[in-house]
Structures are given as structure tokens and as C-alpha cells.
Amino acid sequence: SDQLGREVRSLKDVPRTELNEAKDKEIQGLLKRDVFEIVPMKDMDPEAPLLTHVWVLKVRDDDSVKARLCVGGHKQSKGVNFWEISSPTPRATTVKLHLGYASSRKWNVYTADVSQAYVFASMGVKMYMKMPAEMAAKHPNCVLLLKKSLYGAKQSGRNWFNEASDTMKSIG
């Protein structure tokens, strides 16, 4: 392929308009998936934490820009807004063993990628996130009530694992 070995531009070389388009695309995807609810600050549950957010920006190998809105999970407190964070992950040797077995049986092996995977799992606890600047002009004095797991939250990986496991079990 003519793409092999090609240099990808640095994030600092990306025009601000392109970064903003990537952020808007991420926000629209999260809104479409009903990940959060816009709530006036005055209606916040005083017992639930208000967390910050961070944008993770990346120039992909195809030179497109990816923006991911993440919650500032570093401010979460164990026993308050998360309890368990671990989710099972197979060791590389286990995966290799299964692939070798499938190969010896001449079985087909399929993989899948789930776009914005974490946001398919419910959050499970009440947490708020500060409104990103990209949304704040349209929604002054509001915060986001997280309804589904968002990257950055300590329990998101576990929530996604539980959601995926329950789905697999339900379909056999």
C-alpha cells in the first residue's frame, strides 16, 4: 500500500477547525447514544460528585482526527462512586492456545470492534461531569448527568465487560 511508511502529521499541525469538528462528532455520537443528560446545576444531587472532563485527541494513521471525551476518573472515590474496577482479561497464552485449537480444527475465527464500546454500558452510580466548553454556550449553568459509562471513569471497563457478558449469555 502507498500508505505504508507515510508520516502522519502532528496534532499541533491540525487546524483548530478540524479539531473542533472532531470534538463535535464525538459529542453528537454520545448524544445519539444517550450517554448523558443535560441538567441544570441547581437540580444536581448534592451527594453525587461533579467530575471534570478531558479531551483526548489523536491523529490516526489515515490522517483523520479522533476526539474522545473522557470523564476525570482520577477524582473518583472508592466506596462512593465506584466499588469494583477490575474486569477479566485473558492472558496472551490463553488466547494463543484457543487460536491454535481453532486452527487445528480448521474453524473460522471472527473478531469484532465495537465503536465507543464503553458507552453501551450503564454507569450504575450517579455522577455528574462538568459541561465541556463546546456545549456550555448552548447550555449555561448546566452539567452532564452520566447515564452510561464513559472513558476515564474507573468502573467503565468493568461495566462494559458485564454488559457484553450479559448480552453473550442471553443469546447463548
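All values reported here derive from a predicted model rather than from experimental measurement. (Residues numbered from 1 in each chain as written. Predicted model: local features only at pLDDT ≥ 70, side-chain atom pairs only at ≥ 80, totals over all residues. Heavy atoms only, no water.)

1. Observations regarding the overall build of the chain
(1) Moving on: In terms of helices and strands, the chain carries four helices and six strands.
(2) Moving on: The N-to-C order of helical and strand elements in the chain reads α-β-β-β-β-α-β-α-β-α.
(3) Moving on: Across the chain, contacts joining residues at least 24 apart in sequence account for 76% of those joining residues at least 6 apart.
(4) Moving on: When the accessible surface of the chain is split by element, carbon and sulfur atoms take 53% of a total near 11700 Å². (Helix = DSSP H or I, 4+ residues; strand = E, 2+ residues; numbered from the N terminus. Contact = heavy atoms within 4.5 Å. Areas by Shrake-Rupley, 256 points an atom, 1.4 Å probe, with all protein chains shown as cover.)

2. Looking at the sheet that holds strand 1 (residues 36-40)
(1) Moving on: With mixed pairing, four strands are arranged side by side in an open sheet as 1-6-5-2. This sheet does not close on itself; its edge strands, each paired only once, are strand 1 and strand 2 (50-51).
(2) Moving on: As paired elements, strand 2 and strand 5 (residues 128-130) share two bridges and run parallel to each other. Bridged to Leu 50 within strand 5 is Tyr 128. (Pairing = 2+ DSSP bridges.)

3. What to know about a nonpolar patch on the surface
(1) Moving on: The grouping of Val 95, Leu 99 and Val 109 at the surface amounts to a nonpolar patch, some 240 Å² of accessible area in total.
(2) Moving on: Looking at the element boundaries, Val 109 is found in the loop between helix 2 (92-104) and strand 5. (Patch = residues over 30% accessible without salt bridge, like charges linked within 9 Å, V, L, I, M, F, W, Y side chains within 5 Å. Salt bridge = Lys/Arg side-chain N within 4 Å of Asp/Glu carboxyl O.)

4. Brief notes about the packing of aromatic side chains
(1) Moving on: With the rule as written, the count across this model stands at one aromatic pair.
(2) Moving on: Here the aromatic rings of Tyr 101 and Trp 107 are separated by 5.5 Å at their centres, their planes lie at 80°, and the arrangement is edge-to-face. (Phe/Tyr/Trp six-rings, centres within 6.5 Å; stacked < 30°, edge-to-face > 60°.)

5. Here's the deal with helix 2
The α-helix advances 3.6 residues per turn, and as a result positions three or four apart in sequence lie on the same side.
(1) Moving on: For helix 2, with 13 residues, the first-to-last C-alpha span of 18 Å sits near the 18 Å given by 1.5 Å per residue.
(2) Moving on: Taken across its 13 residues, helix 2 has one buried, putting it largely on the surface.
(3) Moving on: In the stretch just after helix 2, Lys 106 is the one whose phi turns positive, near 60°. (Expected span 1.5 Å × (residues − 1). Buried < 20%, exposed > 50% of the residue type's maximum accessible area, 1.4 Å probe, protein only.)

6. Here we look at the pattern of salt bridges
(1) Moving on: The tally for this structure, following the rule as stated, stands at four salt bridges.
(2) Moving on: One salt bridge connects Glu 134 with Lys 23, and the closest N-O pair in it is separated by 3.1 Å. Taken together, the residues Glu 134 in helix 3 (residues 133-136) and Lys 23 in helix 1 (residues 16-32) connect sequence positions 111 residues apart.
(3) Moving on: Residue Lys 23 is classed as buried on the basis of its relative accessible area of 10%.
(4) Moving on: Between Asp 43 and Lys 42 there is a salt bridge whose closest N-O contact spans 3.4 Å.

7. Details of the nonpolar core
(1) Moving on: Among the nonpolar cores identified, the biggest contains 25 residues, and Phe 36, Val 71, Met 127, Met 129, Leu 146 and Leu 150 are the most heavily contacted of them.
(2) Moving on: For this core, the secondary structure elements donating two or more residues are helix 1, strand 3 (53-59), strand 4 (65-71) and strand 6 (142-146).
(3) Moving on: Setting aside residues up to four positions removed in sequence, Phe 36 forms contacts with Leu 30, Leu 31, Met 135, Leu 144, Leu 145, Leu 146 and Lys 147.
(4) Moving on: Ranked by size, the runner-up nonpolar core spans six residues in total, among them Ala 48, Tyr 128, Val 143 and Leu 145. (Core = buried A, V, L, I, M, F, W, Y, C linked by side-chain atoms within 4.5 Å.)

8. Quick word on the pairing of strand 6
(1) Moving on: Within strand 6, five of the five residues are buried, which leaves the element mostly enclosed by the surrounding structure.
(2) Moving on: What you see with strand 6 is no split at all: Cys 142, Leu 144 and Leu 146 on one side and Val 143 and Leu 145 on the other are buried throughout.
(3) Moving on: Bridging between strand 1 and strand 6 involves five bridges; their strand directions are antiparallel. When the bridges of strand 6 are listed, Glu 37 appears paired with Leu 145.
(4) Moving on: For strand 5 and strand 6, the ladder comprises three bridges, and the chain directions are antiparallel. When the sheet's bridge partners are listed, Met 129 is paired in strand 6 with Leu 144.

Without other data, these values stay purely geometric and don't point to any function.
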